Amino acid sequence: MATITDVSRLAKVSKATVSRVLTGSRGVREESREAVLKAVESLNYRPNIFAQSLAREHSNQVAVLVRDADASQLSAYLPQFTRAIQAMGLELVLGFASQSDELSQQLDRFSQLNPVATIVLGACPQQMLGPRTIVIGIGEQAIRYDYTFACESALRYLLSQGHRQVAIWLDDDEAQISDELLTGYRQALQNQSLPFNRELVIHGQHGSEHSLLELLNRYLPFSALLVRRDGDAAVAIRLLREFNIAVPGEVSLMSLEDSPLAVQLSPPLTCIHYPLAELFDAALDKLAQILHKQTHHENALLRGRLVIRQSVSKFS
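Everything numeric here is computed off the predicted structure, so don't read it as measured data.

Calculation notes
- Residues numbered from 1 in each chain as written.
- Predicted model: local features only at pLDDT ≥ 70, side-chain atom pairs only at ≥ 80, totals over all residues.
- Heavy atoms only, no water.
- Helix = DSSP H or I, 4+ residues; strand = E, 2+ residues; numbered from the N terminus.
- Expected span 1.5 Å × (residues − 1).
- Buried < 20%, exposed > 50% of the residue type's maximum accessible area, 1.4 Å probe, protein only.
- Arc of directions from axis to C-beta.
- Phe/Tyr/Trp six-rings, centres within 6.5 Å; stacked < 30°, edge-to-face > 60°.
- Lys NZ or Arg CZ within 6 Å of the ring centre and 35° of its normal.
- Salt bridge = Lys/Arg side-chain N within 4 Å of Asp/Glu carboxyl O.
- Pairing = 2+ DSSP bridges.
- Axes fitted to C-alpha atoms, helices over the stretch in contact; angles between N-to-C directions.
- Contact = heavy atoms within 4.5 Å.
- Parallel < 35°, antiparallel > 145°, perpendicular 65-115°, else oblique.
- Left-handed = near helix turned anticlockwise from the far one by under 90°.
- Nonpolar A, V, L, I, M, F, W, Y, C, P; charged D, E, K, R; others polar.

### Here's the deal with helix α3 (residues 30-43)
End to end, α3 covers 20 Å across 14 residues, agreeing with the expected 20 Å (1.5 Å per residue, within 8%). Along α3, the residues that are buried comprise S32, R33, V36, L37, A39 and V40. Summarising the axial view, the buried residues of α3 lie within an arc of 160 degrees, below the 170-degree limit, and thus occupy one face. Projecting away from the buried face of α3 at angles above 90 degrees are the exposed residues E31, K38, E41 and S42.

Have a look at this one:
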């Protein structure tokens, strides 16, 4: 049976580094992390000490719940995250939810599995949080992403390109996130002493064409459109083309996600990159704290970065 010494030799790192990788701790270079995970898989090493310490209380499963609209975000990172979970001697159980009521049903189903922890990607109502629930998104107890800063940064970039009439598409199914986005939108306008036009704020559901069609049928002039998800950007590109509106020649387009879809669209999307890998690394840190029965540290507030591609042009 392989030992941690065997793993450290094959990966050519110290045993301390192996331990940090297996417990999901930070401060490990990406190449070292990958080397350890490959060695663990090659040697079929299964450190069960964490799972055994909780065996009397919980299963050895980690439940991960994702909203359908965010599934594209997770796809690129899920293999690496799954390997990290398995390296802890745990199993990953994945579930999806589209609406808030389905979110509650999935959490109830997960509770019957009695997992070591449940990780939720996206907004989760306070009353649904359990003592071993790790939320990635917003809220006082969540691993927080700064949606306000993301939206403010996006609008600030569009304003720097000469755009003054910028429409924003908000998702009504995630009111808390939409409120933070709207705060950032207002702040960027206020910083440039520009008026806020409520008619440029459209509400709808992810992937729904109705709200954007209403905006286009108003004949309300706008030179740029800001959406949260790349999938909504794809819908916008198609509808704008049906109205013979060129992107970015007549309307620039920007998203707040930067999933693998962003570079596949035509034109490729300018985005504020959503730092999914960093958010899940922070979730692994919290999971390690739960396994070690340590007190949770204060959550960091993570921010995205601007990624410039071809979907935004200067407006004059």
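And the narrative resumes.
### Some points on the packing of aromatic side chains
Counted under the stated rule, the structure contains five aromatic pairs. Relative to Y147, the ring of Y145 lies with its centre 4.9 Å away and its plane at 85 degrees, an arrangement referred to as edge-to-face. Overall, the relative accessible area of 3% leaves Y147 in the buried class. Here the guanidinium or amino end of R186 rests over the ring plane of F196, the centre of that ring lying 3.8 Å away. The positively charged end of R303 is found above the aromatic ring belonging to F149, 4.0 Å away from the centroid.

### Some words on the pattern of salt bridges
Where charged atoms from two side chains of opposite charge approach closely, those side chains can pair. This structure, assessed with the given rule, holds seven salt bridges. In this structure, R29 engages E31 in a salt bridge whose closest nitrogen and oxygen atoms are separated by 3.7 Å. Just as R29 is exposed, E31 falls in that class too. As a salt-bridge pair, R238 and E242 come within 3.2 Å of each other at their nearest N and O atoms. Taken as a pair, R238 and E242 lie in helix α11 (residues 230-242) at a separation of four residues, close to a single helical turn. A relative accessible area of 52% places E242 in the exposed class. Here the salt bridges do not stand alone but share partners, grouping E209, R238 and E242 into one network.

### A closer look at the sheet that holds strand β9 (residues 252-255)
Spatially, β7-β6-β8-β9-β10-β12 is the arrangement adopted by the six strands of the open sheet, whose pairing is mixed. Each of the sheet's edge strands pairs with one partner strand only, and the pair in question is β7 (201-204) and β12 (305-307). Each strand of the sheet is rotated relative to its neighbour by a mean of 20 degrees, with strand direction disregarded. Against the sheet, helix α8 (residues 147-160) makes contact with β6 (166-171), β8 (224-227), β9, β10 (270-273) and β12, and its axis sits at roughly 150 degrees relative to β10, the strand it touches most.

### So, the packing of α8 against helix α9 (residues 175-191)
With their axes 7 Å apart at the nearest point, α8 and α9 run at an angle of 40 degrees to one another. Here α9 runs oblique to α8, going by the angle between their axes. Crossing of α8 over α9 shows right-handed handedness. Mapping the contact onto sequence places Y147, T148, C151, E152, L155, R156 and L159 in α8 and I177, E180, L181, T183, G184, Y185, Q187, A188, L189 and N191 in α9. Tallied by class, residues from the contact of α8 with α9 come to nine nonpolar, five polar and three charged.

### A look at the pairing of strand β1 (residues 61-67)
Among the seven residues of β1, seven are classified as buried, and the element is accordingly described as predominantly covered. Going residue by residue along β1, you find Q61, A63, L65 and R67 tucked away on one face and V62, V64 and V66 tucked away on the opposite face as well. In the sheet, β1 pairs with strand β2 (residues 91-97) via seven bridges, with the strands oriented parallel. Bridged to R67 within β2 is A97. Strand direction decides the pairing type here: β1 and strand β3 (residues 117-121), joined by five bridges, are parallel. In the sheet register, A63 faces β3, and the bridge partner there is T118.

### Things to note about the sheet that holds strand β5 (residues 143-145)
Pairing is parallel across the open sheet formed by six strands, whose spatial order is β2-β1-β3-β4-β5-β11. In this open sheet, the two edge strands, each paired with only one partner strand, are β2 and β11 (301-302). Relative to β5, strand β4 (residues 133-137) runs parallel, the two sharing two bridges. Looking across to β5, one finds that G137 is bridged to R144. Seen against the sheet, helix α6 (residues 78-87) touches β1, β2 and β3 and runs at an angle of roughly 140 degrees to β2. In the packing of helix α12 (residues 276-291) onto the sheet, contacts are made with β1, β3, β4, β5 and β11, and the angle to β4 comes to roughly 165 degrees.

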